[in-house]
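# Structural overview
The residues making up each chain are set out below.
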Amino acid sequence: MTKRPIKPFYFDVTEEEIDFFAEASKTILKSGRLILGENTTEFEKAFAEYVGTKHAIAVNTGSSGLEIILRLKKAEGTTVLVPTNTNFATVAAVLRVGGTVQYLDMDENTFAPSLQMVQDAVERGGTPDISGVLWVHIGGVISPDFPEVVEYCHKNGLFVLEDTAHAHGSQINGVQAGNLGDGAAFSFFPTKIMTTFEGGMITLNDDEEDYIARSLRNQGKRGMDFGGLHTDFGNSTRISEVHAVLGRIQLAKLSDMIARRQRCYELMTAPLREAGIRFVSTDHMDSASQYKLMVLLPEGKTAKEVKAALAEEDIFLGGTVYEIPCHLQPVFEEVCKGERFPNAEYWCPRHICPPLTSGMTDEEAKIVGDALVRHLS
């Protein structure tokens, strides 16, 4: 038994930060400017600077961000390549903008597609024609293949969009996730690396796309207009000023939160390496968000029994990434009907994600690593 339960989620906020949030919220309420004010602007500027992009546009959810960047790329009436090992929102975004989804399988070493899988899909073609790839940095891991995927797609006239819901602060070859392709959408859902309660952020480098994205989040009103002229087929997907305050607080400490997660990742995986237990490594990256540690289950072990055994030791596991791939989800049964993706079908239910948060101590990380070895060896 541990000194306290080791849980999979942790809201990283101090008493001082709570006081700051309360005061800032009071100022917002007194001002009457509840949306698209200075807090949103400052949050967007700081986030763009952090990621290294020219623009950042705050929205109400990461899902809304995905839809907007797909609209910018005119995905309607085209086929978009999407990994089947992803969240519902990734696939749904393509369908909502009027696109067709063609799934990609996953590599067990990265839990993402490989360059070869993308090449095979492009050469096979889609109906309608393939316009691009909506890539997912699953668990915050940027696949070592991804820079080559971007290069290959651009040579073939295809866009590459990043679903960066898990990848705040992940970096490879000196470039941050969110700045590796042609646009990205982050999530600030409560369980993510950083949160704004609910919320999301689009990152872009194109001035015209930035202008249209801001219109699309504001009912199609261009130029931050609050009048009655609607130019684009947008929606109400703005973030509130109060949400933006929390975003500014969380972003200011994001590097520290990631550093703590990285420390816990290293302590947790050391015994796994020694015992020969497989997991998805981030060693090839400059830095990783460490949103999820994907540990592959050996033959004869099931996720249910391992979770139960760890719970007996007060170690509680959260969700995986993902137990059921999208092509097997009932809601998507008409998408790529009848196609099989063997790697995803095998590994999605055969992995676990141990607790890994910025609230963990070194001792707790070691306890989790040792417990995994005991129950997986």
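As a further point, take unusual backbone geometry. In this structure, the amide linkage connecting Thr127 to the following residue, Pro128, adopts the cis form with an omega of 0 degrees. Residue Tyr322 is reached from Val321 by a cis peptide bond, and omega for that bond is -10 degrees. Within the secondary structure, Tyr322 sits in the loop between α10 (303–311) and α11 (342–347). Of note, the phi angle at Phe197 is positive, near 75 degrees, even though the residue is not glycine. Note on placement: Phe197 falls in the loop between β8 (184–187) and β9 (200–204). Judged by its relative accessible area of 38%, Phe197 falls in the partly exposed class. Backbone geometry at Gln219 places phi at a positive 60 degrees, although glycine is not the residue there. For Gln219, the location among the structural elements is in the loop between α7 (207–216) and α8 (241–252).

Okay, empty space enclosed by the protein next. Here the structure, examined in full by the defined rule, presents 2 cavities of 30 Å³ or more. Size it by volume and the largest cavity reaches roughly 210 Å³. The class makeup of the residues in the lining of the largest cavity is 14 nonpolar, 6 polar and 4 charged. In this structure, the second largest cavity occupies an estimated 30 Å³ of space.

On to the environment of Gln176. Considering the arrangement of structural elements, one finds Gln176 in strand β7 (residues 175–176). Each C-alpha atom, one on Gln176 and one on Ala288, is 9.6 Å from the other, the two residues being 112 residues apart in sequence. Apart from the residues lying within four places of it in its own chain, the contact partners of Gln176 are Tyr50, Val51, Gly169, Ser170 and Gln171.

Quick notes on the rules
- Residues numbered from 1 in each chain as written.
- Predicted model: local features only at pLDDT ≥ 70, side-chain atom pairs only at ≥ 80, totals over all residues.
- Heavy atoms only, no water.
- Helix = DSSP H or I, 4+ residues; strand = E, 2+ residues; numbered from the N terminus.
- Buried < 20%, exposed > 50% of the residue type's maximum accessible area, 1.4 Å probe, protein only.
- 1 Å grid on protein atoms, 1.4 Å probe; cavity = no way out; pocket = protein on both sides within 12 Å on 5 of 7 lines; lining within 4 Å.
- Points joined across faces, edges and corners; volume = space filled by probe spheres on them.
- Nonpolar A, V, L, I, M, F, W, Y, C, P; charged D, E, K, R; others polar.
- Contact = heavy atoms within 4.5 Å.

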